[in-house]
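Each chain, letter by letter, is given below.
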Amino acid sequence: IKRSVDDEDTLCRLIVEKLGGDKNGISYAEVAKTAYQSGHTKLATKLLDFEPQAANQVPLLMSMQEDDLALVKAIESGDNDLVYLVMLHIQRKLPTAEFFRIVHGKPLACSLLETYSKQQDLKLLKDFYYQDDRLADSANILVMEAYRQDDPVTRINQLKVAQKLYLEDKDFAFENKITEEQCKLLEIQTQLEKDTGHSFLELSLSETVFKCLFLGHSTKAAKIKSDFKIPDKRFWWLKVKVLVKTLNWEGLEKFAKSNPKFGFSGIIDTLISANQINQAKSFLDMMIKAGGIEKEVHAERYMMLLGLK
């Protein structure tokens, strides 16, 4: 090889014929390495096509700066570890945009890049999605990053950026709405912490309303109900839970009687769950006295649960 000046295609054919093709278990990687070191890069590349072991092909291709081909060969081998090896090599070596260009159009490489980046490098994954115009996927990463932030202002700002990306894709109207509401809830929770001196961050919407009611901030709870259009029945149930938790039986009775449309079964269920059996019996008596369909449907079951039958 070192002395030859023949056409490299012809040389490749002659060498392969001399070595007996790819059936004799010969390491063409070693022959290709010699060709490369002698300045015959094209010949080395062609010889590597006859190397049966991808683990021998790929490292040499990387050393020859044939990164795109190295990635193709790694993918063809089906060896994910080898694909990762090539991708990490390319990522360290090339600008991010060039790295993405090489990976683009190779489904397995893209999939492995996503898997790796989700665990190791969210910024890389966000950039990958963005350059590929996958705006909703970029937004998903921003949401993940936002919830890793302890500072509420930083979290809110990142969620707002994510919301704008969701807004650009009509198929993600639901995600846009949810993110918008989460931003609003975080802003309310931040203000509640300033106003009350109690922690509210990380609570759900229902938990936030419950805590407001529990702390006696009924006006704030009502404002949240209005802002988020919380259904009356859900708000009623949260109020019942607070009254039961605080053992405010007089208040619970007044509340039940002032909201007759919601009946007694929800109250009795809450009392039984809280192991307030005597109070559950009292409200069962109220249900029976009130009569109607609620009594017909639930009374006998509650009597059995409470040991009254």
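Colleague: Got a minute to help me understand the overall build of the protein in this structure?
Modeller: Counting its regular elements, the protein contains 19 helices and zero strands. Relative to the 2.2 N^0.38 estimate, which gives 19 Å for 309 residues, the radius of gyration of the protein is 34 Å and therefore markedly larger than a compact globule would have. Dimensions along the principal axes, computed over C-alpha positions, put the protein at roughly 110 × 45 × 35 Å. Sequence-distant contacts in the protein: of pairs separated by 6 or more residues, those separated by 24 or more amount to 44%.

Colleague: Looking at this structure, how should I read helix α16 (residues 249-258)?
Modeller: Structural remark: α-helix, 3.6 residues per turn; residues separated by three or four positions point the same way. Taken together, the buried positions of α16 are occupied by G251, L252, F255 and A256. Buried residues of α16, seen end-on, are gathered within an arc of 135° and therefore sit on one face of the element. Those residues of α16 that are exposed and aimed more than 90 degrees away from the buried face are E250, K254 and K257. On its buried face, α16 is in contact with α15 (232-245), α17 (265-273) and α18 (277-290).

Colleague: What should I look at first to understand unusual backbone geometry in this one?
Modeller: One non-glycine residue, Q65, adopts positive backbone phi at about 70°. With respect to the helices and strands, the residue Q65 is situated in the loop between α4 (54-63) and α5 (67-77).

Colleague: Could you clarify how one ought to interpret the packing of aromatic side chains in this entry?
Modeller: The description of two aromatic rings rests on the distance between their centres and on the angle between their planes. Applying the stated rule across the entire model yields eight aromatic pairs. Ring geometry for F128 versus Y129: centroids 6.1 Å apart, planes at 40°, classification tilted. A single burial state applies to F128 and to Y129, both of which are buried. A connected cluster of aromatic rings, assembled from ring pairs, spans F99, F100, F128 and Y129. Stacked on the ring of F228, the Lys or Arg K184 has its end atom at 4.7 Å from the ring centre. Over the face of the ring belonging to Y302 we find R301, whose NZ or CZ atom lies 4.5 Å from the ring centre.

Colleague: Hey, could you run me through the packing of helix α6 (residues 80-93) against helix α7 (residues 96-103) in this one?
Modeller: Packed helix pairs are specified by the crossing angle of their axes together with the interaxial distance, meaning the distance between the axes. The contact between α6 and α7 brings their axes to 8 Å, and the two run at 150°. If you check the angle between α6 and α7, you find them roughly antiparallel. The element α6 and its partner α7 pack so that their crossing is right-handed. Counted together, M87, I90 and Q91 of α6 and F99, I102 and V103 of α7 form the full contact between these two elements. Its residues placed into classes, the contact of α6 with α7 shows five nonpolar, one polar and no charged.

Colleague: Hey, could you run me through the nonpolar core in this one?
Modeller: Generally speaking, nonpolar side chains in soluble globular proteins are found buried as a group. Counting 26 residues, the largest nonpolar core has L71, V86, M87, F99, V103 and L113 as its most contacted members. For this core, the elements supplying multiple residues, two or more each, are α4, α5, α6, α7, α8 (107-120) and α9 (122-131). In this structure, F99 is in contact with M87, I90, Q91, L94, L113 and L124, ignoring residues within four places of it in sequence. By size, the runner-up hydrophobic cluster in this structure holds 19 residues, among which are L252, A256, F262 and I268.

Colleague: Where do I start with the side chain of T196 in this structure?
Modeller: Within the element layout of this structure, T196 appears in helix α12 (residues 173-196). Within the structure, T196 has its side chain in polar contact with the backbone oxygen of L192 (distance 2.7 Å). Within the structure, T196 has its side chain in polar contact with the backbone nitrogen of H198 (distance 3.1 Å).

Colleague: What am I meant to see in the environment of F262 here?
Modeller: With respect to the secondary-structure elements, F262 resides in the loop between α16 and α17. Assessed through its relative accessible area of 15%, F262 is described here as buried. A C-alpha to C-alpha distance of 37 Å links F262 and Y147, two positions 115 residues apart in sequence. Other than its neighbours up to four places away in sequence, F262 contacts D232, K233, W236 and E294.

Colleague: How do you make sense of the pattern of salt bridges when you look at a structure like this?
Modeller: Any two side chains of opposite charge can pair, so long as their charged atoms come close to each other. On inspection of all chains with the given rule, the structure shows 16 salt bridges. The salt bridge involving K126 is made with E145; its shortest N-O contact spans 3.1 Å. Placement of the pair is K126 in helix α9 and E145 in helix α10 (residues 135-146), with a sequence separation of 19 residues. A relative accessible area of 14% places E145 in the buried class. We note a salt bridge from D227 to K223, for which the minimum N-O separation is 2.8 Å. With D227 and K223 both in helix α14 (residues 218-227), this residue pair falls four residues apart, about one helical turn. Salt bridges sharing partners connect three or more residues here, namely E114, R134 and D137.

Rules used throughout
- Along each chain, numbering runs from 1 in the same order as the chain's sequence is written.
- Under the rules for a predicted model, residues below a pLDDT of 70 receive no local features and side-chain atom pairs below 80 are neither given nor counted, while totals for whole chains, interfaces and linings still include all residues.
- Calculation of side-chain values draws on the structure's entire complement of heavy atoms; hydrogens and water are dropped beforehand.
- The helix and strand labels rest on DSSP assignments: H or I over at least four residues marks a helix, E over at least two residues marks a strand, and numbering proceeds from the N terminus.
- Between the two quantities, the radius of gyration covers C-alpha atoms and the globule rule is 2.2 Å times the number of residues to the power 0.38.
- What makes two residues a contact is simply this: any of their non-hydrogen atoms within 4.5 Å.
- Only protein chains enter the area calculation, which uses a 1.4 Å probe; residues under 20% of their type maximum are buried, those over 50% are exposed, and those in between are partly exposed.
- What the arc describes is the spread of directions from the helix axis to the C-beta atoms.
- Note on ring pairs: Phe, Tyr and Trp rings are taken, using the six-membered ring of Trp, and paired if centres are within 6.5 Å. Classes follow the plane angle, with under 30 degrees stacked, over 60 edge-to-face and the rest tilted.
- Note on criteria: charge over ring means Lys NZ or Arg CZ within 6 Å of the ring centre, with the direction from the centre no more than 35 degrees off the ring normal.
- Note on geometry: axes are lines fitted to C-alpha atoms, helical ones only across the stretch in contact, with angles between N-to-C directions running from 0 to 180 degrees.
- The labels follow the angle: roughly parallel below 35 degrees, roughly antiparallel above 145, roughly perpendicular from 65 to 115, and oblique for the rest.
- A crossing counts as left-handed when the near helix is turned anticlockwise from the far one by less than a right angle, and as right-handed when that turn is clockwise.
- In this classification, Asp, Glu, Lys and Arg are treated as charged, Ala, Val, Leu, Ile, Met, Phe, Trp, Tyr, Cys and Pro as nonpolar, and every other residue, Gly included, as polar.
- Residues belong to one nonpolar core when they are buried, are Ala, Val, Leu, Ile, Met, Phe, Trp, Tyr or Cys, and are joined through side-chain atoms within 4.5 Å.
- Any pair of N or O atoms that falls within 3.5 Å is considered a polar contact. Within protein, one atom must be able to donate a hydrogen and the other to accept it, and sequence-neighbouring residues count only if both atoms are side-chain atoms.
- The salt bridge criterion pairs a side-chain nitrogen of Lys or Arg with a carboxyl oxygen of Asp or Glu, the two atoms within 4 Å.

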